Amino acid sequence: MTESLPADGATTDLPTTSDALRGAVEAAFPATIADLTRLVKIPSVSWAAFDAAHVEASAEAVAELVRGLGVFDLVEIRRAAIGDEADAPMGKPAVVARRAARNGRPTVLLYAHHDVQPPGDDTDWESTPFEPTLRGDRLYGRGAADDKAGVMAHIGAIRAITEVLGADFDLGIALFIEGEEESGSLSFANFLRENRDVLEADAIVVADSGNWDLETPSLTVALRGAVAFRLRVSTLAHASHSGMFGGAVPDAMLAAIQLLATLHDADGSVAVEGLTSADLETPAYDEAQLRAETGLLDGVTPIGTGTILSRIWAQPSITITGIDAPTVANASNTLVPSVAVRLSARVAPGQTDVDALAAIRSHLEQHVPFGAKLEFDAFELGQPFLVDTSGWAVAESNAAMEEAWGKAPVEIGVGGSIPFIAELVAEFPSAQILVTGVEDPDSRAHSPNESLHLGVFQRALLAEALFLARLDARSEDS
Ligand SMILES: [Zn+2]
């Protein structure tokens with residue numbers, strides 16, 4: 001963005017706006033935390049086995065907060081069907097809102113989700129999961145970080161710019177607060193298609209990721225995709241006594257072990273031809289940190305090559321996450337005829353999930369020992385994502401983060417996936433996508449004792465308010 005001094009010599013009003021926004025965010029912070037606390041108290045678990053009424057209630061509560069902002073032309077709770085069948089079940093309720101852009105300003109879509117993961121066992125929590133509790137600098141509770149704080153970052157940022165700029169600002173804003181992210185976003189694609197007119201935007205902020213540490217903001221620029229399937233390896237029509245035929249016919253476990261062993265090199269790198277890696281610069285992160293964070297046992301070495309973060313963010317990985325075979329307790333002297341395994345792979349940004357699946361499948365078919373029979377089923381796919389960081393939205397967001405945090409953001413990757421981002425890109429290919437967030441390395445999203453660091457939250461909220469103000473001040477040709 002080019003800034004120039006007005007001809008009359010007055011200074012530009014941006015610094016003043018920044019100070020005012022900082023003050024507004026700070027003054028409203030206790031009220032923001034109070035709103036967040038009320039949202040966290042609603043146990044809006046979106047999984048099928050949980051009471052759907054809580055997800056309805058949290059949609060209502062979010063919609064009320066959004067209406068209270070007084071800046072939207074439309075605020076509604078909507079849902080879409082899961083799949084294309086005539087009698088398809090409906091997805092969970094999402095809150096959408098929109099105000100039109102004026103005077104050539106862009107429109108930004110703000111995304112977060114109001115549903116949460118199941119809490120797990122209450123006894124694993126130091127305080128009750130849906131009784132938000134402040135300990136030190138952190139607010140504990142299921143959804144306190146993921147992603148009700150993301151919801152409140154959007155609401156708080158809009159409140160701040162409304163207070164400073166007035167409700168009459170020019171920036172277009174669309175809001176999409178999903179209700180089923182933690183249960184797989186099953187109606188997401190239909191929802192986007194049916195609500196295109198409400199959600200269409202020049203830039204999309206997905207507030208559902210994290211920050212490098214408590215002092216360093218981050219833009220998430222790379223997300224690995226996912227491929228998983230069940231593989232059945234069979235060698236015999238029926239089980240036989242190992243004493244009678246062992247040594248002459250292969251059992252399925254031997255075939256499976258030999259086959260699975262071909263998936264990795266001796267150093268643990270993935271050895272599947274056709275799987276690609278991305279070229280990504282990674283921040284400093286050493287083996288000691290990896291050991292501490294993962295509980296790697298003394299004497300056990302890490303696997304793979306390249307920087308540790310490039311292995312997690314930019315290279316593929318393959319893990320066998322389950323094996324169906326006789327249990328040790330039930331083991332008899334039998335040649336096992338058939339073994340099933342669950343193979344779970346992470347796909348590097350830059351490769352499609354379908355291509356990665358084809359490469360792994362073809363590797364298995366080419367390396368199968370003894371002519372064993374292979375069957376594949378129960379596929380799950382998720383696209384990886386690599387952000388184009390060359391657009392104006394990234395530049396504005398980086399500047400806003402640096403201003404709010406007093407430190408330039410680092411670009412990070414995420415080893416896991418957020419599959420719905422690929423669907424956003426597919427529906428809105430020309431929109432610039434910014435994956436931001438309110439989490440920090442100790443937030444423990446999805447785990448017991450999930451928490452939000454209040455300092456990180458306030459800085460992330462201010463960064464978003466500054467970002468919105470910058471877009472509101474953006475002229476068409478800058
Ligand atoms: Zn989330």
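Residues numbered from 1 in each chain as written. Predicted model: local features only at pLDDT ≥ 70, side-chain atom pairs only at ≥ 80, totals over all residues. Heavy atoms only, no water.

1. Describing the overall build of the protein
Our working rule: Every helix listed is a DSSP run of H or I at least four residues long, and every strand listed is a run of E at least two residues long, numbered separately from the N terminus. Atoms counted for the radius of gyration: C-alpha only. Globule rule: 2.2 Å times residue count to the power 0.38. Categorising residues by exposure relies on relative accessible area from a 1.4 Å probe, with only protein chains included: less than 20% of the type maximum marks a residue as buried, more than 50% marks it as exposed, and the intermediate range marks it as partly exposed. Here the Shrake-Rupley method, with its probe set to 1.4 Å, supplies the accessible areas, and only the displayed protein chains count as covering residues. This count recognises Lys and Arg as positive and Asp and Glu as negative, with His and chain-terminal groups excluded. By convention, the charge on Lys lies at NZ, on Arg at CZ, on Asp at CG and on Glu at CD.
Along its length, the protein carries 13 helices and 18 strands. The C-alpha radius of gyration of the protein comes to 25 Å, within 12% of the 23 Å expected for a compact globule of 478 residues. The buried share among the 478 residues of the protein stands at 49%. Here the protein displays about 21300 Å² of accessible surface, and carbon together with sulfur accounts for 51% of that area. Distance between charge centres in the protein, computed from 32 positive and 70 negative side chains, equals 3 Å.

2. Here we look at the sheet that holds strand β11 (residues 317–324)
So the rule is basically this: Think of it this way: DSSP has to see at least two bridges between two strands before they count as a pair. Interaxial angle, 0 to 180 degrees, is taken between N-to-C directions of lines fitted to C-alpha atoms, where a helix line uses only the stretch in contact. The contact criterion used throughout is that any non-hydrogen atoms of two residues lie within 4.5 Å.
A sheet is described by the order of its strands in space; here four strands give the open sequence β11-β13-β9-β14, paired in antiparallel fashion. If you trace the sheet from one side to the other, it starts and ends with β11 and β14 (373–382), each paired once. Averaged over all neighbouring strand pairs, the angle between strand axes comes to 20°, with direction disregarded. One ladder, built from 10 bridges, connects strand β9 (residues 225–234) with strand β13 (residues 338–347); its direction is antiparallel. Its bridge partner lying in β13, Leu231 is registered against Val341. Packed on one face of the sheet, helix α7 (residues 252–261) meets β9, β11, β13 and β14 and runs near 145° to β9. The sheet contacts of helix α10 (residues 353–367) involve β9, β11, β13 and β14, and relative to β14 the element is tilted by about 165°.

3. A closer look at the side chain of Asp115
Stated precisely, the cut-off is as follows: N or O atoms within 3.5 Å of each other form a polar contact, as long as, within protein, one can give a hydrogen and the other can take it, and as long as residues adjacent in sequence are counted only when both atoms are side-chain atoms.
Within the secondary structure, Asp115 is located in the loop between β3 (107–113) and β4 (133–135). A distance of 3.0 Å separates a polar atom in the side chain of Asp115 from the backbone nitrogen of Glu181. Side-chain polar atoms of Asp115 contact the backbone nitrogen of Glu182, separated by 2.8 Å. When near neighbours in sequence (up to four residues on either side) are disregarded, Asp115 contacts Ser44, Ser46, Asp146, Glu178, Gly179, Glu180, Glu181, Glu182 and Ser183.

4. Thoughts on the packing of aromatic side chains
Just so we agree on the cut-off: The rule is short: rings of Phe, Tyr and Trp, with Trp giving its six-membered ring, pair when the centres are within 6.5 Å, and they are stacked under 30 degrees, edge-to-face over 60, tilted in between. Any Lys NZ or Arg CZ that is within 6 Å of a ring centre and within 35 degrees of that ring's normal is treated as a charge sitting over the ring.
Tallied over the full model, the rule gives nine aromatic pairs. Seen in terms of ring centroids, Tyr111 and Phe176 are 5.6 Å apart; in terms of plane orientation they differ by 80°. Their pairing is edge-to-face. A residue pair is termed long-range when its members are at least 10 positions apart, and Tyr111 in strand β3 and Phe176 in strand β6 (residues 172–178) qualify at 65 residues. Overall, Phe176 belongs to the buried group, its relative accessible area being 1%. One Lys or Arg, Arg361, reaches over the ring of Phe376 and ends 4.3 Å from the middle of that ring. Above the ring of Trp405, the side-chain terminus of Arg459 is found at 5.3 Å from the ring centroid.

5. Topic: the nonpolar core
Going by this rule: Side-chain atoms within 4.5 Å link the members of a nonpolar core, which is a set of buried Ala, Val, Leu, Ile, Met, Phe, Trp, Tyr and Cys residues.
Counting residues in each nonpolar core, the largest one holds 101 residues, and the members touching the most others are Phe72, Val108, Phe176 and Phe457. With 13 residues, helix α13 (residues 454–472) is the largest single contributor of residues to this core. Once residues lying within four places of it in the same chain are set aside, the contact partners of Phe457 are Phe29, Thr32, Ile33, Ala149, Met152, Ala153, Val438 and Leu452. Counting residues in hydrophobic clusters, the runner-up holds 26 residues, among them Leu259, Leu275, Ala345 and Leu364.

6. Focus on the coordination of the zinc ion
Selection criterion: Metal donors were taken as nitrogen, oxygen and sulfur atoms no farther than 2.8 Å from the ion, or 3.2 Å where the ion is Na, K or Ca. Water is excluded, so coordination may look unfinished. Working rule for geometry: tetrahedral if four donors all subtend angles between 85 and 135 degrees; square planar for four, octahedral for six, if opposite donors exceed 155 degrees and the others stay between 65 and 115; irregular in every other situation.
In the first shell of the zinc ion, the protein supplies His113 (NE2), Asp146 (OD), Asp208 (OD) and Asp208 (OD), at 1.9 to 2.7 Å from the metal. If you look at the zinc ion, its four donor atoms make angles of 52 to 147° with each other, and the shape they trace is irregular. Sequence spacing among the residues donating to the zinc ion works out to H-x32-D-x61-D. With Asp146 in the loop between β5 (138–140) and α3 (148–165) and Asp208 in strand β7 (residues 203–210), this pair connects stretches of sequence that are 62 residues apart. Both residues of the pair, Asp146 and Asp208, count as buried.

7. Notes on the packing of α3 against α13
Put simply, the test is: If an angle is under 35 degrees, it is roughly parallel; if it is over 145, roughly antiparallel; if it lies from 65 to 115, roughly perpendicular; otherwise it is oblique. It is the rotation of the near helix from the far one that decides the hand of a crossing: anticlockwise by less than a right angle makes it left-handed, clockwise makes it right-handed. All residues other than Ala, Val, Leu, Ile, Met, Phe, Trp, Tyr, Cys, Pro, Asp, Glu, Lys and Arg, Gly among them, are scored as polar; the first ten of these are nonpolar and the last four charged.
Here α3 crosses α13 at 50°, and the two axes come no closer than 8 Å. Taken together, the axes of α3 and α13 are oblique relative to one another. Like other packed secondary-structure pairs, α3 and α13 cross with a definite hand, here right-handed. Along the contact surface, α3 presents Ala149, Met152, Ala153, His154, Gly156, Ala157, Ile158, Ala160, Ile161 and Leu165, while α13 presents Phe457, Leu461, Glu464, Ala465, Leu468, Ala469 and Asp472. Among the residues forming the contact of α3 with α13, the class breakdown is 13 nonpolar, two polar and two charged.

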